[in-house]
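Fold and geometry: a report
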Amino acid sequence: MIPLPAEQLLNLHRVAPEVVLCVFGIVIMVVDPFVQAAGRRALGWLAFIGALTALASVHLAAHFPGRAYSDLVNVDRFSIFVHVVVIGAASLAILGSLDYLEGEGLQRGEYYALVLFATAGMGILAGANELVTAFIGLEMSSISSYVLAGFRRRALPSNEASVKYFLLGSFATAFFLYGIAMVYGATGTTLISGIQTFLVSLPPSQHLPALAILGLGLIFVGLGFKVVVAPFQAYAPDVYEGAPTPVTALLASAPKVATFALMLRVFYVSFGSAQHLWFWVIWISAVLTMFIGNLGALMQTNVKRMLGYSSIAHAGYILVAFAASTDLGIAAALFYLSAYVLMKVGAFLVVTHLGQQGERRLAVADYAGLGMKQPVLAACFSLFLFSLLGLPVTGGFLGKFFAFQSALDAKIVWLVVIAGINSVIGAYYYLRVIIAMYFWEPSQDYTPTPVAPALSAALLVAAAGTLYLGLLPTRVLVLAKAAADSLSLLSLR
Amino acid sequence: MSIPLIVFFACALLAVAGAVTLILAREPVHSALALIVVMLSLAILYLLLGSDFIAAVQILVYGGAIMVLFVYVIMLLNAGAEERTDFSKLAKFAGVPLGFFLLLWTAHWLAHSPAGRAAGTGGAARHGVSTIDLSLLIFRKYLFPFEATSILILVAILGALVLARKSE
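Position labels on residues start from 1 in each chain and follow its written sequence. Chains and ligands are labelled sequentially in the order written, the chains with letters from A and the ligands with numbers from 1. Whole-chain, interface and lining totals are the exception, using all residues; otherwise, since this is a predicted model, local features are given only for residues with pLDDT of at least 70 and side-chain atom pairs are given and counted only at 80 or more. Side-chain numbers here rest on the full set of heavy atoms in the structure, without hydrogens or water.

For the rest of this paragraph, the subject is the overall build of chain B. A run of H or I in DSSP becomes a helix once it reaches four residues, and a run of E becomes a strand once it reaches two; helices and strands are each numbered from the N terminus. Scanning chain B from terminus to terminus reveals 8 helices and 0 strands. Of the regular secondary structure in chain B, the N- to C-terminal order runs α-α-α-α-α-α-α-α. Burial classification: accessible surface area is computed with a 1.4 Å probe over protein chains only, and a residue below 20% of its type maximum counts as buried, one above 50% as exposed, and the rest as partly exposed. For chain B, the residues scored as buried account for 19% of the 168 residues in total. We call two residues in contact when some of their heavy atoms are within 4.5 Å. Within chain B, contacts between residues at least 6 apart in sequence are counted, and of these 56% link residues at least 24 apart. Summed over all atoms, the accessible surface of chain B reaches about 12100 Å², with 76% contributed by carbon and sulfur. Residue burial considers only the protein chains on display, and all accessible areas are found by Shrake-Rupley using a 1.4 Å probe.

Before going further, it helps to spend a moment on helix α3 (residues 52-77) of chain B. Residue and element names in this part refer to chain B. Over its 26 residues, α3 extends 36 Å from the first C-alpha to the last, a length consistent with the 38 Å expected when each residue adds 1.5 Å. We define the bend at any residue as the angle between the axes fitted to the seven residues before and including it, ending there, and the seven starting there. Considering bend angle alone, the principal kink of α3 is centred on Met 67 and spans about 30 degrees. Of the positions making up α3, those classed as buried are Ala 55, Gln 58, Met 67 and Ile 74. Looking at the packing, one finds that the buried side of α3 touches α2 (28-48). Positioned one or two residues after α3, Asn 78 has a phi angle of 55 degrees, which is positive. A helix's residues, less one, multiplied by 1.5 Å, set its expected span.

This part is about the domain arrangement of chain B. For each domain, the first and last residues come from an automatic or database assignment. When the domains of chain B are assigned, the result is domain 1 (1-84) and domain 2 (130-168). Between domain 1 of chain B and domain 2 of chain B, the C-alpha centre-to-centre distance is 27 Å.

With that settled, consider helix α2 (residues 16-31) of chain A. Here α2(A) contains 16 residues, and its C-alpha end-to-end distance of 22 Å stays within 8% of the 22 Å for a straight helix at 1.5 Å per residue. Those residues of α2(A) lying buried are A:Ala16, A:Pro17, A:Glu18, A:Val20, A:Leu21, A:Cys22, A:Gly25 and A:Ile28. Contact partners of the buried residues in α2(A): α1 (5-14), α3 (41-62), α4 (77-104), α5 (109-127) and α6 (131-149) of chain A together with α8 (143-164) of chain B.

Further remarks concern the interface of chain B and chain A. Interfaces are often sized by the accessible area lost when the parts come together. On the chain A side, the residues contacting the 22 residues of chain B number 32 residues. Together, the buried faces of chain B and chain A total about 2400 Å²; carbon and sulfur atoms form 74% of this surface. Taken as a group, B:Phe144, B:Leu158 and B:Val162 account for 26% of the area that chain B buries against chain A, more than any other trio of residues on that side. Here, a salt bridge means any side-chain nitrogen of Lys or Arg that lies within 4 Å of a carboxyl oxygen of Asp or Glu. Where chain B meets chain A, there are 1 salt bridge. For A:Glu110, the salt bridge is made with B:Arg165, and the minimal N-O distance between the two is 3.2 Å. Here a polar contact is recorded for every N or O atom pair within 3.5 Å, except that within protein the pair must consist of a potential hydrogen donor and a potential acceptor, and residues adjacent in sequence are included only if both atoms are side-chain atoms. Here chain B is connected to chain A by 4 residue pairs in polar contact (both at pLDDT 80 or more). Contributing elements (two or more residues each) for the side of chain B that touches chain A: α7 (131-141) and α8 of chain B. Taken together, the residues that form the side of chain B that touches chain A break down as 14 nonpolar, 3 polar and 5 charged. Values labelled buried area give the accessible surface lost by two parts on being combined, using a 1.4 Å probe and summing over both. Asp, Glu, Lys and Arg are counted as charged, while Ala, Val, Leu, Ile, Met, Phe, Trp, Tyr, Cys and Pro are counted as nonpolar; the rest, among them Gly, fall into the polar class.

Moving on: the pattern of salt bridges. All names here are of chain A. Counted by the stated rule, this structure contains 15 salt bridges over all chains. A salt bridge links Arg 67 to Asp 71, with the nearest nitrogen and oxygen atoms 3.9 Å apart. With a relative accessible area of 34%, Asp 71 lands in the partly exposed category. One salt bridge connects Glu 359 with Lys 304, and the closest N-O pair in it is separated by 2.8 Å. Here the residue Glu 359 occupies a position in the loop between α15 (327-355) and α16 (370-373), and Lys 304 occupies one in helix α14 (residues 303-324), the gap between them amounting to 55 residues. We classify Lys 304 as buried; its relative accessible area is 0%.

With that out of the way, let us pick up the layout of surface pockets. Residues and elements named next belong to chain A. The way it works is a 1 Å grid over only the protein atoms, where trapped points that fit a 1.4 Å probe form a cavity and open points with protein on both sides within 12 Å along at least five of seven lines form a pocket, and then any residue with an atom within 4 Å of a point lines it. Grid points are joined across faces, edges and corners, and a volume is the space filled by probe spheres set on the points. A volume near 770 Å³ is recorded for the largest pocket. The wall of the largest pocket is formed by 26 residues, among which Phe 81, Val 84, Val 85, Val 476 and Leu 479 lie closest to the centre. Taken together, the residues that form the lining of the largest pocket break down as 19 nonpolar, 4 polar and 3 charged.

Now for unusual backbone geometry. Residues and elements named next belong to chain A. With an omega of 0 degrees, the peptide bond between Ala 230 and Pro 231 qualifies as cis. A positive phi is found at Asp 71, a non-glycine position, where the angle reads about 70 degrees. Summarising the element assignment, Asp 71 is placed in the loop between β1 (66-68) and β2 (73-75). Here the phi dihedral of Gln 356 falls at roughly 60 degrees; this positive angle occurs in a residue that is not glycine. Looking at where Gln 356 falls in the secondary structure, it is placed in the loop between α15 and α16.

Moving on, we get to the environment of A:Ile94. Residue and element names in this part refer to chain A. As for its position among the elements, Ile 94 is in helix α4. Taking the C-alpha atoms as reference points, Ile 94 and Leu 455, separated by 361 residues in sequence, lie 9.3 Å from one another. Excluding anything up to four places from it in sequence, Ile 94 contacts Gly 44, Ala 47, Phe 48, Ala 51, Tyr 112, Val 115 and Leu 116.

Residue and element names in this part refer to chain A. Two rings from Phe, Tyr or Trp (for Trp, the six-membered ring) form a pair when their centres sit within 6.5 Å of each other. Planes less than 30 degrees apart are called stacked, planes more than 60 degrees apart edge-to-face, and all others tilted. Here the structure, examined in full by the defined rule, presents 25 aromatic pairs over all chains. Ring centres 5.2 Å apart and planes at 80 degrees place the aromatic pair Phe 335 and Phe 402 in the edge-to-face group. Pair noted here: Phe 335 is in helix α15 and Phe 402 is in helix α18 (residues 395-409), with a separation of 67 residues, a long-range link. Members of the aromatic cluster, each reached through a chain of ring pairs, are Tyr 146, Tyr 165, Phe 166, Phe 225 and Tyr 235.

Relative to the helices and strands, A:Ser310 resides in helix α14. Classification of A:Ser310 by relative accessible area gives buried; the value is 0%.

Structure follows, in structure tokens:
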């Protein structure tokens, strides 16, 4: 049957955010050669407008819930929620990049085009109802990230970050692909809901096909690498440290959210009936991730690298909510992810500004006395760090609270105890930076530079968002709960 | 002897001859040319089996794109005639007999097992996927990932350009 034009139009509405992002990316590429070097900054603003338009078109897509393109794409409250978080993170990262690129002499249209394409890939990832589609989305986001990580071509750490990320990332996607092939071999479908139907329809006496379990394992390896959970985290600190700081802000936030979304779909929806098989995998991975992230961050004297380790630790906290594998757990994970994105992007953007040209000032000692010199910036940074640490009044606190609460409800007490111990370890290295800012003697060689308007706007939004989630969480929590419910509607439970 | 059978034997012999030349030639460019012969005769063999799409892809992708890549690499490396070394002992005493064993075993399998016979006479291909089925899958069912792939390739090209171009 030939699809009617009306149906085509409907399909197009459902992938509107991706279409908008790709169109803006292509327009930037086409315009780029005609723009003088001095005017390239305008391309950044164009990219920002593109991201905002995409955010608006998420609203459009939300009006047409349902499946599109022969069930390959799924527009539900879950995908809408993830879309907003991902595109929001990308917009903040673009705002933070404008002046950074200017200072580094890297102001190019390609940068913004790649950011938009990466975001489009993450959008596909968030809405994919089929594994091959998800794979394409994952690759779109990954390949753009490899290039963005190496964008400071004259800096060795940036090159190292790009090559490491590329080589290990390619292996990870190969694992993911292998996993898809095996799951397909076992169940005869790559549709996420189709796999679920197949596995649920198996008679209770029959075991799950070994090939499907093996495939799920490989998918966990591939996705675990992208969300940076142990034992696949080894590359992350180097990549986060070497990549240009605004890129790190993007890499540490948006792809994690999108990949976690796919992970939830695959584990919770497709393999929901095999929960007894993957529960302990998630449990062990969560414990390892938290300890490696926190203990690693403890040893760092470089703030950027420390924040890199801390983002590993946070993936572990999100896995705690994941392990609960209840509606509440998923809602908690989504809430945590939105709070995490705001505080992490905010923290990295502060590092972007304070790093100065060539990213020279990254050590904790360089932050000494910042509280006196730039009180507003220091206050913002403290807020993000308190939120990462999980102190009340911030989004990070409630994120942790809901995550641990949902795990306790699911009777996973020991995991919560371990997560609590880890939060205490985290306090040490976050507070050390804050103490340096307020109580250490300011270093003499540093003259503070004013924060550029675009960057301050991004910081303001991130700070306001962190406080909003900490003080008035109800609205976002309700949305997260609705998103989780739309996922569990699929999982027939 | 029917015409398809004649074509089959001609192409099969050509493929084997090409493969042997590929290994024995001392100039890398000659090896590359021999590889083209192998690819093209394989394409005709696919055509005989009724897989017209695979045949076209074989010519376009392997005979075209990948061969260009090979020739390009040879050109960039400026590779001259290769140096001859003595056969490795392992290859001589274990590799050659094992190769012959594999050949005989495959021939035996093709001739005597039912599955082998079906494969040998192209039975599998006849019930296989036609170009129409394939294009329906790509342009209907998997239209969205197919279109997304075009962006993916664009990203790859853009990325290569960003990383490889001269600094300003």
